[in-house]
Amino acid sequence: MGSPAGALRVTMLTSGRAVYFSAVCVVCGLIAVALIPMVMFRSAALCSIIVVMIAAAVNLNLLPTLLLKLSPLTTKNNSEDTSPSRSYKLWLSWTDMVMRKPLRTLTVVSLLLFVLLVPAFKMTTAVPDASSLPKGTVSRQADETLKVRFQMNRASEVLVVMQSAGSTFSSNERLEAFSWLKDIKSDISVISVKNLTISQNHVMKDPKLENTAVFRVTVMGEPGSVEVNQWLRDTEKKANHAGNPHSAWRRNQIRAGSQGCYR
């Protein structure tokens, strides 16, 4: 039996190389997921990339060091049986078969992967809603009933929240807010704007709402669609640059969401 350092070197040249290339392949696949223009996919992909990189760093750096330091405790006695196990023989026979017929194996695996990818051709990206539930569930039936009776087809509801700098809205802040809302109402993509908390004449008496205004905006487009997401981005940019730049109105606290997806 060789030395622990020699065994570790052989392991890093074989299994270590496999770990490295596996991590690279996984990261490349997650980068493709991160390019999907939806926040939940991008954030999940970035978090997964970080986890994979940390796991690869641990397996290629920390684990070999620990194995080398703990080698006196983990090294087996030479007198022990070192015959290959049943699982080792199974994987060895599988490897020999692949190496003997690489082209045939590549063809079979490629066909299998293509069959597994067929359902992905019909896949669409959207914000999960009640339509993702089974048809017999009460929640989905209630959602479909509400859409039929109260919501227009191909329309999304967006909540716009404004917050004043102080405890209440000042006159200048109201003018800026309603000037911005006037531009929103003139947008060809906007169907309607409904005031949920305040009007032009007064603020609701609830102390918790004295410095907050909430509006429900109905926008043309399916929830989670590209056009609705782009409208949200453009509207937030306009809100951040609306009115007097020296005003105390906190435009950077405007939040907009569509069907439960907040950006």
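Residues numbered from 1 in each chain as written. Predicted model: local features only at pLDDT ≥ 70, side-chain atom pairs only at ≥ 80, totals over all residues. Heavy atoms only, no water.

Asker: Just checking my understanding: could you explain the overall build of the chain for this structure?
Answerer: In terms of helices and strands, the chain carries 8 helices and 5 strands. Reading the chain from its N terminus to its C terminus gives the helix and strand order α-α-α-α-α-α-β-α-β-β-α-β-β. Out of the 263 residues in the chain, the part that is buried amounts to 23%. Pairs at least 24 apart in sequence give 67% of the contacts found in the chain among residues at least 6 apart. (Helix = DSSP H or I, 4+ residues; strand = E, 2+ residues; numbered from the N terminus. Buried < 20%, exposed > 50% of the residue type's maximum accessible area, 1.4 Å probe, protein only. Contact = heavy atoms within 4.5 Å.)

Asker: Mind showing me how you'd approach a nonpolar patch on the surface here?
Answerer: Together, Ile50, Ile54, Val58, Leu62, Leu66, Leu70 and Leu73 line one region of the surface with nonpolar side chains, adding up to about 670 Å² of accessible area. A per-element tally of the nonpolar patch places helix H2 (residues 39–69) first, with 5 residues. (Patch = residues over 30% accessible without salt bridge, like charges linked within 9 Å, V, L, I, M, F, W, Y side chains within 5 Å. Areas by Shrake-Rupley, 256 points an atom, 1.4 Å probe, with all protein chains shown as cover. Salt bridge = Lys/Arg side-chain N within 4 Å of Asp/Glu carboxyl O.)

Asker: Got a minute to help me understand the packing of aromatic side chains in this structure?
Answerer: Ring pairs (aromatic) are described by centroid distance and by the angle formed between their planes. Inspection of every chain in the model, using the stated rule, returns 2 aromatic pairs. An angle of 80° between the planes, with centres 5.3 Å apart, marks the rings of Tyr20 and Phe21 as edge-to-face. For Tyr20, a relative accessible area of 46% gives the class partly exposed. (Phe/Tyr/Trp six-rings, centres within 6.5 Å; stacked < 30°, edge-to-face > 60°.)

Asker: Explanation requested: H2 in the structure shown.
Answerer: Every α-helix winds through 3.6 residues per turn, so residues three or four apart in the chain are directed the same way. Compared with an ideal rise of 1.5 Å per residue, which puts 31 residues at 45 Å, H2 spans 44 Å between its outermost C-alpha atoms and is within 8% of the ideal. A maximum bend of about 35° is found in H2 at Val58. When H2 is considered as a whole, its buried residues turn out to be Ala45, Ile49, Ala56 and Pro64. Looking at the packing, one finds that the buried side of H2 touches helix H1 (4–34). (Expected span 1.5 Å × (residues − 1). Bend = angle between axes of the 7 residues up to and from the residue.)

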